[in-house]
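So the chains spell out like this:
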Amino acid sequence: MSEEARHDKPETSRRAPARRRAALAAVVAAAGIAFVAAAVGFIGFLSQLRGVETKPASNADGIVVLTGGSSRISDAIELLADGYGKRLLISGVHPTNGVSDISRSLPDSQRLLTCCVDLDRSAINTRSNASETRRWVNERGFRSLIVVTSNYHMPRAIVELSHAMPDTTLIPFAVIGDKWREEPWWTSGVTLRLLLSEYVKYLAAEARVRLAYLGLELSPEIGDQPTGSVEPRRPASG
C-alpha cells in the first residue's frame, strides 16, 4: 500500500461518523419542527371549538344534524320548533330506523317529525353526510343551512359541507356534551384522545379537499367512523 493510501484511510474513517452525526441532527431537527407545527396546528384546531352552546345568529332555509353524538338530534328538533329552519334533515340514520324510533325518544316532537323532518339513511361518514346533504339541499332549493353537530366535530363537518356545497351559506350550531361542560378536556385522557383523533381526521379532510381543488380526488377520509344511529351512545366529550 502506498504512503498516500495509508494517509487517506484515517481521513475517510473520520468523515463517516461526522456524516452520521450530521444526518442524525437533520432528522432530529425535522422531527422537532414537525412536532412544533403539529402542536401549533392542534392549538389552532382547539381555538375553533366552542365551549358554550349559542343560538344561531340568523334563521336558515333548512337544518341538518349529523348523527353520532349525544343530544344532537334533540337540539336540532328544538331549533326546528323555534323556527330557525323550514325543514330538518337527520343525516346518518341507521337503515333500519325510522321516524317512529326517533319519536319514542322525543315524544313531544311527534308533529314536527311527521311534517318537517327528512331522514338520510345512506350516509356512513362525514364525507357522505355532506354528499347526501347536498342532494337534499338541491332538491329543496335551499340556499342556507344550519349545521348541528358536536363542537369537536364541527370544523371537519364545515370543511366537508363547504366543499360539497360552496354556494350554500352554512351556520354552525355546536352541541356541547355534558362531559365537556363538567371538566376541562385536558384533565381527561379519553377526551384528549378523542380530540387528537378528530384533529388528525380534520387535517386529512383539509388535505383531501385542497387536493380536490387541484383536480386530485382521493379516497374517502382516513379513519372516519361510520354514522348510522338515531341517538348513538354518548361519546367522551359530547
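Conventions adopted
Residues numbered from 1 in each chain as written. Predicted model: local features only at pLDDT ≥ 70, side-chain atom pairs only at ≥ 80, totals over all residues. Heavy atoms only, no water. Helix = DSSP H or I, 4+ residues; strand = E, 2+ residues; numbered from the N terminus. Contact = heavy atoms within 4.5 Å. Polar contact = N/O pair within 3.5 Å; in protein donor to acceptor, adjacent residues only side chain to side chain. Disulfide = S-S within 2.5 Å. Buried < 20%, exposed > 50% of the residue type's maximum accessible area, 1.4 Å probe, protein only. Pairing = 2+ DSSP bridges. Axes fitted to C-alpha atoms, helices over the stretch in contact; angles between N-to-C directions.

Let us now look at the environment of glutamate 132. Within the fold, glutamate 132 resides in helix H5 (residues 126-140). When residues no more than four places from it in sequence are discounted, the contact partners of glutamate 132 are Leu89, Asp120, Ser122 and Ala123. Polar side-chain contacts of glutamate 132 include one of 3.2 Å to the side chain of arginine 135.

The tally for this structure, following the rule as stated, stands at one disulfide. Between cysteine 115 and cysteine 116 runs a disulfide, and the two sulfur atoms are separated by 2.3 Å. Across the S-S bond linking cysteine 115 and cysteine 116, the dihedral sits near -85°, which makes this disulfide left-handed. Its relative accessible area of 35% is what places cysteine 115 among the partly exposed residues. Judged by relative accessible area, which is 15%, cysteine 116 ranks as buried.

Moving on to helix H6 (residues 154-164). One turn of an α-helix holds 3.6 residues; hence residues three or four places apart share an orientation. For H6, the buried fraction is high: eight of the eleven residues fall into the buried class. Of all the residues in H6, the buried ones are Met154, Pro155, Arg156, Ala157, Val159, Glu160, Leu161 and Ala164.

Okay, the sheet that holds strand S2 (residues 87-91) next. Strand pairs in the sheet, formed through backbone hydrogen bonds, run parallel or antiparallel to each other. What the five strands build is an open sheet, ordered S3-S2-S1-S4-S5; its pairing is parallel. Strand pairing shows two members of the sheet lacking a second neighbour, strand S3 (117-120) and strand S5 (169-175), which therefore form its edges. With strand direction ignored, the average angle separating the axes of adjacent strands in the sheet is 20°. In this sheet, S5 lies alongside strand S4 (residues 144-150) in parallel orientation, the contact comprising seven bridges. Across the sheet, the residue bridging to valine 147 is proline 172, located in S5.

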